[in-house]
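Per-entry structural report
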Amino acid sequence: MIPAPFDYDVAESADHALELLGEAESDAKLLAGGHSLIPAMKLRMARPSKLIDIGRLSDLAYVNDAGTHVAIGALTRHATVAADSLLAEHCPIVSFTAAQIGDPPVRHRGTLGGTLAHGDPASDMPAVMLALNAELVARGKNGERVIPATEFFTGVFETALGPDEMLVEARVPKLGASTGWAYLKANRRAQDWATVAVAALVHRDNGSIAGASIGLVSMGGTPLRAKAAEDALAGGASLADAAALVAEGAEPPSDQAGSSEYRAHLAQVMTRRALEQAMQA
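Anyway, here's the lowdown on the structure attached to this text. (Residues numbered from 1 in each chain as written. Predicted model: local features only at pLDDT ≥ 70, side-chain atom pairs only at ≥ 80, totals over all residues. Heavy atoms only, no water.)

**Quick word on the sheet that holds strand 11 (residues 179-186)**
Read from one edge of the open sheet, 4 strands run 11-12-13-14, paired in antiparallel fashion. Each edge of the open sheet carries a strand with a single partner, namely strand 11 and strand 14 (224-225). As defined by bridge partners, strand 11 adjoins strand 12 (residues 196-205) across 8 bridges and the pair is classed as antiparallel. Counterpart to K185 in the pairing with strand 12 is A197. Lying over the sheet, helix 8 (residues 124-132) contacts strand 11, strand 12, strand 13 (208-217) and strand 14, oriented at roughly 150° with respect to strand 13. (Pairing = 2+ DSSP bridges. Helix = DSSP H or I, 4+ residues; strand = E, 2+ residues; numbered from the N terminus. Contact = heavy atoms within 4.5 Å. Axes fitted to C-alpha atoms, helices over the stretch in contact; angles between N-to-C directions.)

**Remarks on the packing of aromatic side chains**
Both the distance between ring centres and the angle between the ring planes are used here to describe each pair of aromatic rings. Scanning all chains against the criterion turns up 2 aromatic pairs. Measuring from centroid to centroid gives 5.5 Å for F96 and W181, while their planes differ by 55°, and the two rings are tilted. With a gap of 85 residues between them, F96 in helix 5 (residues 92-98) and W181 in strand 11 connect regions that are remote in the sequence. The class for F96 is partly exposed, based on a relative accessible area of 33%. With centroids separated by 5.1 Å and ring planes inclined at 85°, the aromatic side chains of F152 and F153 adopt a geometry described as edge-to-face. Each member of the pair F152 and F153 is classed as buried. (Phe/Tyr/Trp six-rings, centres within 6.5 Å; stacked < 30°, edge-to-face > 60°. Buried < 20%, exposed > 50% of the residue type's maximum accessible area, 1.4 Å probe, protein only.)

**Here we look at helix 1 (residues 14-23)**
Within helix 1, the full set of buried residues consists of A14, A17, L18, L20 and L21. Burial along helix 1 is one-sided: seen end-on, the buried residues are contained in an arc of 160°. Projecting away from the buried face of helix 1 at angles above 90 degrees are the exposed residues D15, G22 and E23. Structurally, helix 1 contributes buried residues whose contacts are with strand 1 (7-10), strand 2 (29-31), strand 3 (50-53), strand 6 (135-140) and strand 10 (166-173). (Arc of directions from axis to C-beta.)

In short, geometric facts, not functional conclusions.
The following block contains the structure:
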């Protein structure tokens, strides 16, 4: 289909993008890689009155060591994230997951900030940010604010970003040697959205689990944390018993990729496998 009519501006800097956002209608959208927004516009699921192109802003494309965490610029391409040695050393679940997104053309155009700001519950990286307890930095006319990933995703394709704000950075923690991780994804074809995916982090202590965090993809209207399973692990439950609780509180959709019952069962199986893998990582 053809998108609805829209105006188009190219931002020359992050401040210029914010200026253009402030001048535009509240439904204006920022365009980075465009691999999520443009298809939605073609289907007329999204009908912004203006697109503000920020894809050329190189100052928001970086991966930096920031002491206790790794800072990733919002316009860093997925391919760059996947190949980054700093992330591979300190937070490998992020670089590994970036390599699972779409196909090479998508990874070379799509950006980390774009996939997070789009708020798609079927995207890979939002669940990873949830599991990591990452921090997301938004910038607006009143300056910057830090939003915990656990508070960022508010609804289907909805986030905590205000209409005059843009996402400028993601901050992910450095994982120590005692932290194991896994990201498992089930999809019908390599390029497809996940039918279900699981991001698991476990904090090991003498062969047992001292704590865990589990992020879920395609299990509801937003990316989710599997709190019931996490609490069960903290209470000493076995991996299998904890995984059996992973769908509690979730509302998995039913579509051509699978029924809600199928997704719930698949999430249980994949969570157990992800936890087993994380314990050995």
